[in-house]
Amino acid sequence: MSSHVTSLGHGRRLGLLLGLGLAVVAVACLASLAVGATVVPLAHVWETLTGSAPHGIVEARLDRTALGVVVGAAMGCAGAAMQALTRNPLADAGIIGVASGASLVGVLVVVL
């Protein structure tokens, strides 16, 4: 019975950390839309996101922010896949030669 209680506590803690992480990503996205060469008030950002009043600068920054979130998620998935593949929590791209292959392609692009 104690292991059941412990697993419930672990699940609740994991859910709390996941929610906190999503909240941090949301705040970072809002900051990415508001801060730049020109600072946009958060009210304008919110109006643009809800569709009530489009703001050109925020719309231009929206693609950059969305791409950053997608690329970050893809890199996280790639890292988790690398760790699962090698069964090593400290796995990196050099273990299976990904970094060397990327360097080779970079050199070929520069030469050609």
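As the structure is a computational prediction, the values presented were derived from the model and not from experiment.

S.K.: So what exactly am I meant to see when it comes to the overall build of the protein here?
M.R.: A count of helical and extended segments in the protein gives four helices and zero strands. For 112 residues, the compact-globule estimate of 2.2 N^0.38 gives 13 Å, and the C-alpha radius of gyration of the protein, at 21 Å, exceeds that figure by more than 25%. Expressed along its principal axes, the backbone C-alpha trace of the protein runs to roughly 65 × 50 × 20 Å. Counting every position in the protein, which comprises 112 residues, the buried fraction comes to 10%. Look at the contacts in the protein between residues 6 or more apart in sequence, and 29% of them connect residues 24 or more apart. Here the protein displays about 8400 Å² of accessible surface, and carbon together with sulfur accounts for 74% of that area. Taken as two groups, the 5 positive and 4 negative side-chain charges of the protein have centres that lie 18 Å from each other.

S.K.: Honestly, the side chain of R61 in this entry has me stumped. Any pointers?
M.R.: Checked against the element boundaries, R61 lands in helix α3 (residues 56-86). Lacking a salt bridge, the buried R61 has D63 as its closest oppositely charged neighbour, with an N-O distance of 12 Å.

S.K.: Before we go on, may I ask you to explain the environment of A91 in this structure?
M.R.: Structurally, A91 is set in the loop between α3 and α4 (98-111). With relative accessibility at 16%, the residue A91 sits in the buried group. A91 sits 10 residues away from A81 along the chain, and the two C-alpha atoms are 9.6 Å apart. In this view, A91 contacts M82, Q83 and T86; residues no more than four positions away in its chain are not counted.

S.K.: Is there a simple way to think about the environment of S100 in this case?
M.R.: Checked against the element boundaries, S100 lands in helix α4. Taking C-alpha positions, S100 is 36 Å from A60, a pair spaced 40 residues apart along the chain.

S.K.: Teacher, can you tell me more about the nonpolar core here?
M.R.: For soluble globular proteins, the rule of thumb is that nonpolar side chains tend to be buried together. Core analysis: the largest hydrophobic core is formed by five residues, namely L33, A34, V40, V45 and V58. What V58 contacts, discounting residues up to four positions off in sequence, is L33, V40, V45 and T48.

S.K.: Looking at this model, I keep getting lost on α3. Mind explaining?
M.R.: Side chains that are three or four residues apart share a direction in an α-helix, a result of its 3.6 residues per turn. With 31 residues, α3 should reach 45 Å at 1.5 Å per residue; the first-to-last C-alpha distance of 46 Å fits that figure. Along its length, α3 shows its largest kink, about 25 degrees, at L62. What α3 keeps buried is the set V58, R61, T65 and M82.

S.K.: What exactly am I supposed to notice about the side chain of T48 here?
M.R.: As for its position among the elements, T48 is in helix α2 (residues 42-50). Dropping the residues within four chain positions of it, T48 is found in contact with A53, P54, H55, V58 and E59.

S.K.: Is there a simple way to explain the state of the cysteines in this structure?
M.R.: Scanning all chains against the criterion turns up zero disulfides. Free cysteine C29: the closest other cysteine sulfur is in C77, separated by 16 Å.

Conventions we followed
- Residues numbered from 1 in each chain as written.
- Predicted model: local features only at pLDDT ≥ 70, side-chain atom pairs only at ≥ 80, totals over all residues.
- Heavy atoms only, no water.
- Helix = DSSP H or I, 4+ residues; strand = E, 2+ residues; numbered from the N terminus.
- Rg over C-alpha atoms; globule rule 2.2 N^0.38 Å.
- Buried < 20%, exposed > 50% of the residue type's maximum accessible area, 1.4 Å probe, protein only.
- Contact = heavy atoms within 4.5 Å.
- Areas by Shrake-Rupley, 256 points an atom, 1.4 Å probe, with all protein chains shown as cover.
- Lys, Arg positive; Asp, Glu negative; His and termini not counted.
- Charge placed at Lys NZ, Arg CZ, Asp CG, Glu CD.
- Salt bridge = Lys/Arg side-chain N within 4 Å of Asp/Glu carboxyl O.
- Core = buried A, V, L, I, M, F, W, Y, C linked by side-chain atoms within 4.5 Å.
- Expected span 1.5 Å × (residues − 1).
- Bend = angle between axes of the 7 residues up to and from the residue.
- Disulfide = S-S within 2.5 Å.

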